[in-house]
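Commentary on secondary and tertiary structure
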Amino acid sequence: MIDQYGPHVQMGTLAEQMAARYQKDTNLDLESHLAHYMEEVEVNIKADSFDHIGFMNKISGRLTTTLAGTIDPRRRDFLQAVVIALQDRVDRHPLDVAVGNT
């Protein structure tokens, strides 16, 4: 997976776009919005065999950097929830995601 062009780049962008939507629409529920994002992560994991832990860590790394410059509390809440959910996914299924089996 190329660092500048891998699927993690699109997933990082999607998380940032979803954070912007969450920030602007106070009717959006954090848990359901997050669940939708994590469904997209699962689709990517099931679509191909590659370093899934690396994939999720790269997304988390990008979003952690984005968090550092984010002031809006709703946007921060969503991005932080994504980072936590990605780590939880790795922790729950470390062998599956390490070898590309789900």
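Let me begin by describing the structure that accompanies this report. (Residues numbered from 1 in each chain as written. Predicted model: local features only at pLDDT ≥ 70, side-chain atom pairs only at ≥ 80, totals over all residues. Heavy atoms only, no water.)

A closer look at the environment of H33
To keep it simple, the criterion reads: Secondary structure elements are defined from DSSP: runs of H or I of at least 4 residues count as helices, runs of E of at least 2 residues count as strands, and each element is numbered from the N terminus. Think of it in three bands: with a 1.4 Å probe and only protein chains considered, a residue is buried below 20% of the maximum accessible area for its type, exposed above 50%, and partly exposed in between. Any two residues having at least one pair of non-hydrogen atoms within 4.5 Å are treated as being in contact.
Mapped onto the secondary structure, H33 falls in helix α2 (residues 30-47). Owing to a relative accessible area of 10%, H33 belongs among the buried residues under this scheme. In this structure the C-alpha to C-alpha distance between H33 and Y22, which are eleven residues apart in sequence, comes to 7.7 Å. Sequence-distant contacts of H33, that is, excluding residues within four places in its chain, are made with M18, R21, Y22, L28 and F78.

Regarding the pattern of salt bridges
Here the idea is simple: oppositely charged side chains can pair when their charged atoms come close. Using the following cut-off: By salt bridge we mean one thing: a side-chain nitrogen of Lys or Arg within 4 Å of a carboxyl oxygen of Asp or Glu.
Under the criterion given, the structure shown has two salt bridges. As a salt-bridge pair, R89 and E42 come within 2.4 Å of each other at their nearest N and O atoms. Note that R89 is positioned in helix α4 (residues 73-92) and E42 in helix α2, a separation of 47 residues in sequence.

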